[in-house]
Amino acid sequence: MRPDSSHQAWLRAMPVVFVLIWSTGFIVARYGMPNSPPFTFLLWRYAFSMVCFVPWVIWARVPWPVGRAQWWHLALTGVLMHAGYLGGVWAAVKVGMGSGLSALIVGLQPVLTAIWLSSRGGHVSRRQWQGLALGFVGLAMVVSRKLEGGIEVTPWSVTMAIMALCAITIGTLYQKRFVQPCDVRSANAVQLMAAFVVTLPIACWEAEPVRWTHEMMGALAWSVIGLTLGGSSLLYVLIQRGAAASVTSLMYLVPPTTAVMAWFLFGEPITVVTLVGIAVTAVGVSLVVRPPRVAS
């Protein structure tokens, strides 16, 4: 296979790989959450991720972002898409919100993105609107079983989940608008530094100790290697290369993929409604990401 063919194949596979990696966030939470308070876990995640990225940038002689403005733009996206989004989701789940409800709230991101783009004159076609609506219906079907009973909803947990939704939505749109293309390694390093600085004082307030069990260390290792070095880097590249509405619609596929992983790893049952929801979500996302027809 020629190098250009390999490159094109990787570009086509990138969204699939991103969804697979991003979906493992639930697995990480399952193993890590009982052993650590949320912001302390995330602080360790950012710290170890910086230990990976910064020497890599120096060793590979990767250029850092040019200009103070780009550093600030990247820092702000780091605060939003790392500290704000992850902190909100983990805090909500830690205080009792079910993973299904948190996934449903955060799943509104593609819709909010499309609304914002439309209000600013961006083009979101009727087909894409239909796909967004269909994708959200499918998402609701997938997580419906997790919405049944035993869910503790408090003003604090809802606030945290909404904060996560707003943070990832604003961060995605802001990065697409203001962050100039630069090497993903140095960009991620700057974003992680900012997320670390913001998370540090919050983590210092958490009284619960960290229990360094095998599950905790495994969850932290995958958070760094898989989710940050892999998933966050892919998300950065996808946002830079694609339309915001199409990229965010991929988030619809995360809960269905997580449901399959949970069935395989933990034996969590998959119902007929879940299977139908997965199919509906896939159709919805395909309507959003499918390129428009070119008139002949």
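Attention in this report is confined to the structure presented alongside it. Being a predicted model, the structure only gives us computed values, none of them experimental.

**Remarks on the overall build of the protein**
The secondary structure content of the protein amounts to 13 helices and 0 strands. Along the protein, helices and strands appear, N-terminal first, in the series α-α-α-α-α-α-α-α-α-α-α-α-α. The C-alpha radius of gyration computed for the protein amounts to 19 Å, which stays within 12% of the reference 19 Å derived for 296 residues, consistent with globular compactness. Taken along its principal axes, the extent of the C-alpha atoms in the protein is 60 × 50 × 45 Å.

**Some details on empty space enclosed by the protein**
Any empty space left between atoms is shown by rolling a water-sized probe over those atoms. Throughout the structure, instances matching the rule amount to 2 cavities of 30 Å³ or more. Volume-wise, the largest cavity comes out at about 90 Å³. Around the largest cavity sit Trp 22, Thr 77, Met 81, His 82, Gln 175, Asn 188, Gln 191, Ser 232, Leu 235 and Tyr 236, which together line it. Contributing elements (two or more residues each) for the lining of the largest cavity: α4 (68-94), α9 (184-205) and α10 (214-241). A breakdown of the residues in the lining of the largest cavity according to their chemical character gives 4 nonpolar, 6 polar and no charged. Along the walls of the second largest cavity sit Val 142, Arg 145, Lys 146, Ala 259, Glu 268, Pro 269, Ile 270 and Thr 274, which together make up its complete lining.

**Notes on the nonpolar core**
Among the nonpolar cores identified, the biggest contains 50 residues, and Phe 18, Trp 22, Phe 41, Tyr 46, Tyr 85, Trp 90 and Leu 235 are the most heavily contacted of them. The leading source of residues in this core is α10, at 8 residues. If near-sequence neighbours (up to four positions away) are discounted, Phe 41 is found in contact with Val 28, Gly 32, Ser 36, Trp 90, Met 216, Ala 219, Leu 220 and Ser 223. Membership of the second largest hydrophobic core comes to 11 residues, among which are Phe 39, Ala 92, Leu 101 and Ala 203.

**What about the packing of helix α7 (residues 126-143) against helix α13 (residues 272-289)?**
It is at 7 Å that the axes of α7 and α13 come closest, and there the two elements cross at 160°. The angle between the axes of α7 and α13 places the two elements in the roughly antiparallel class. Handedness of the crossing formed by α7 with α13: left-handed. Of the residues in α13, those touching α7 at Arg 127, Gln 128, Gln 130, Gly 131, Leu 132, Leu 134, Gly 135, Gly 138, Leu 139, Met 141 and Val 142 are Val 273, Thr 274, Val 276, Gly 277, Ile 278, Val 280, Thr 281, Val 283, Gly 284, Val 285, Leu 287 and Val 288.

**Here's the deal with the pattern of salt bridges**
Counted by the stated rule, this structure contains 3 salt bridges. Note that Lys 94 and Glu 208 form a salt bridge whose closest N and O atoms lie 3.4 Å from each other. Of this pair, Lys 94 sits in helix α4 while Glu 208 sits in the loop between α9 and α10; the two residues are 114 residues apart in sequence, bridging distant segments of the chain. When its relative accessible area of 28% is taken as the criterion, Glu 208 is described as partly exposed. Note that Glu 208 and Arg 211 form a salt bridge whose closest N and O atoms lie 3.2 Å from each other. Here Arg 211 falls in the partly exposed class, since its relative accessible area comes to 35%.

**Observations concerning unusual backbone geometry**
One non-glycine residue, Arg 61, adopts positive backbone phi at about 55°. Looking at the element boundaries, Arg 61 is found in the loop between α3 (38-59) and α4.

**Comments concerning helix α6 (residues 109-119)**
Turning to α6, its buried residues number three or more, namely Gln 109, Pro 110, Thr 113 and Ala 114. The buried side chains of α6 occupy one side of the element, clustering within an arc of 130° when seen end-on.

**A word on the side chain of Ser 223**
With respect to the helices and strands, the residue Ser 223 is situated in helix α10. With relative accessibility at 0%, the residue Ser 223 sits in the buried group. From its side chain, Ser 223 meets the backbone oxygen of Ala 219 in a polar contact 2.9 Å long.

**Observations concerning a nonpolar patch on the surface**
Taken together, the side chains of Trp 44, Phe 48, Trp 212 and Met 217 present a nonpolar region at the surface, about 400 Å² in accessible area. Along the chain, Trp 212 falls in the loop between α9 and α10.

**Some remarks on the packing of helix α2 (residues 25-32) against helix α12 (residues 254-266)**
Taken N-terminus to C-terminus, the directions of α2 and α12 make an angle of 45°; their axes are 9 Å apart at the nearest point. For the element pair α2 / α12, the angle class is oblique. Between α2 and α12, the residues in contact are Phe 26, Ile 27, Arg 30 and Tyr 31 and Thr 258, Met 261, Ala 262, Leu 265 and Phe 266, respectively.

**Describing the environment of Val 224**
With respect to the helices and strands, Val 224 occurs in helix α10. Ignoring sequence-local partners within four residues, the contact set of Val 224 consists of Arg 45, Phe 48, Ser 49, Cys 52 and Leu 229.

Cut-offs used in this document
Residues numbered from 1 in each chain as written. Predicted model: local features only at pLDDT ≥ 70, side-chain atom pairs only at ≥ 80, totals over all residues. Heavy atoms only, no water. Helix = DSSP H or I, 4+ residues; strand = E, 2+ residues; numbered from the N terminus. Rg over C-alpha atoms; globule rule 2.2 N^0.38 Å. 1 Å grid on protein atoms, 1.4 Å probe; cavity = no way out; pocket = protein on both sides within 12 Å on 5 of 7 lines; lining within 4 Å. Points joined across faces, edges and corners; volume = space filled by probe spheres on them. Nonpolar A, V, L, I, M, F, W, Y, C, P; charged D, E, K, R; others polar. Core = buried A, V, L, I, M, F, W, Y, C linked by side-chain atoms within 4.5 Å. Buried < 20%, exposed > 50% of the residue type's maximum accessible area, 1.4 Å probe, protein only. Contact = heavy atoms within 4.5 Å. Axes fitted to C-alpha atoms, helices over the stretch in contact; angles between N-to-C directions. Parallel < 35°, antiparallel > 145°, perpendicular 65-115°, else oblique. Left-handed = near helix turned anticlockwise from the far one by under 90°. Salt bridge = Lys/Arg side-chain N within 4 Å of Asp/Glu carboxyl O. Arc of directions from axis to C-beta. Polar contact = N/O pair within 3.5 Å; in protein donor to acceptor, adjacent residues only side chain to side chain. Patch = residues over 30% accessible without salt bridge, like charges linked within 9 Å, V, L, I, M, F, W, Y side chains within 5 Å. Areas by Shrake-Rupley, 256 points an atom, 1.4 Å probe, with all protein chains shown as cover.

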